[in-house]
Number of protein chains: 2
Amino acid sequence: MHSPELLKGTLQTIILKVLKDHGKMYGYEITQRVKELSCDRILVTEGALYPTLHKLEAEKILKTETVMMGRRVRKYYSLTPEGKNLAKARVSEFVDFIKTMSNVLQVQMT
Amino acid sequence: MHSPELLKGTLQTIILKVLKDHGKMYGYEITQRVKELSCDRILVTEGALYPTLHKLEAEKILKTETVMMGRRVRKYYSLTPEGKNLAKARVSEFVDFIKTMSNVLQVQMT
DNA sequence: ATTAATACATAAGTGATTTATGTATTAGAA
DNA sequence: TTCTAATACATAAATCACTTATGTATTAAT
């Protein structure tokens, strides 16, 4: 598991990019996807995830579709056009940040 | 300037690595060094810097030497042996984190 | 002379995230 | 068949690194 401090500020970027790559996803699915992609090193907690999803929905960055799976509610999230732009921007912002950090820490990220 | 959210959690790593590379440094010098290395994209604020330096000193990760420059006090910080180990650990922790993020965000950091 | 830069310091406020808690369904193991 | 773990949502209090604001004082520049 990675230091929780370093994760701070990356949650929105992660959510947006995973949604961009996988289309419609529900909350729990996002946590599992991230867990898998990160080899169990990034565990998105529900307490962080759901408020963030709700916030992004309120900001029209995500839109939702609620589906009944048998008796269980499932809420699918997907990017709005605005959200697609933001996803792109957030990822390149992160890449830029890493480039800067490479210079400051004098390390090679390969 | 980079998103302040992404910077969160990187301050200690930055301070430790810069001190490792440059030996004895005083607070203001650290802010300038980081500003320079980051091409003005990371500005370490004093409100974040000094409390962190004091904390690391209290934890025996840094040691200090106070010098009078004319009439002005200058407090030089340097790594203790423990601090050198921590610096190394923090940097490789950061590199690992970036590798994980590359997988999650599916981007190449080169 | 006045402003900007140098150089330290601390305290209140912010806000994303953690931790804790709650509800309910479904699958699997003993 | 009953209990546990996994699935699936949600919210609220607490934390803590960091921002913002403020303070003091020296030195250099215009």
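Residues numbered from 1 in each chain as written. Chains lettered and ligands numbered in written order. Predicted model: local features only at pLDDT ≥ 70, side-chain atom pairs only at ≥ 80, totals over all residues. Heavy atoms only, no water.

Peer 1: Tell me what's going on with the pattern of salt bridges, and back it up with residues and numbers.
Peer 2: Residue and element names in this part refer to chain B. This structure, assessed with the given rule, holds 12 salt bridges over all chains. With a closest N to O distance of 2.8 Å, Lys 17 and Asp 21 form a salt bridge. Placement of both Lys 17 and Asp 21 in helix 2 (residues 11-22) is noted, with a separation of four residues, approximately one turn of the helix. Among the residues examined, Lys 17 registers a relative accessible area of 9% and is labelled buried. For Asp 40, the salt bridge identified is with Lys 35, shortest N-O distance 3.7 Å. By relative accessible area, which is 30% here, Lys 35 ends up partly exposed. (Salt bridge = Lys/Arg side-chain N within 4 Å of Asp/Glu carboxyl O. Helix = DSSP H or I, 4+ residues; strand = E, 2+ residues; numbered from the N terminus. Buried < 20%, exposed > 50% of the residue type's maximum accessible area, 1.4 Å probe, protein only.)

Peer 1: So, helix 2 (residues 11-22) of chain A: which residues are in play, and what are the values?
Peer 2: All names here are of chain A. Look at helix 2: 16 Å from first C-alpha to last across 12 residues, which is about the 16 Å you get at 1.5 Å a residue. Of the residues making up helix 2, those classed as buried are Gln 12, Thr 13, Ile 14, Ile 15, Leu 16, Lys 17, Val 18 and Leu 19. Gly 23 sits one or two residues past helix 2 and shows a positive phi near 70°. (Expected span 1.5 Å × (residues − 1).)

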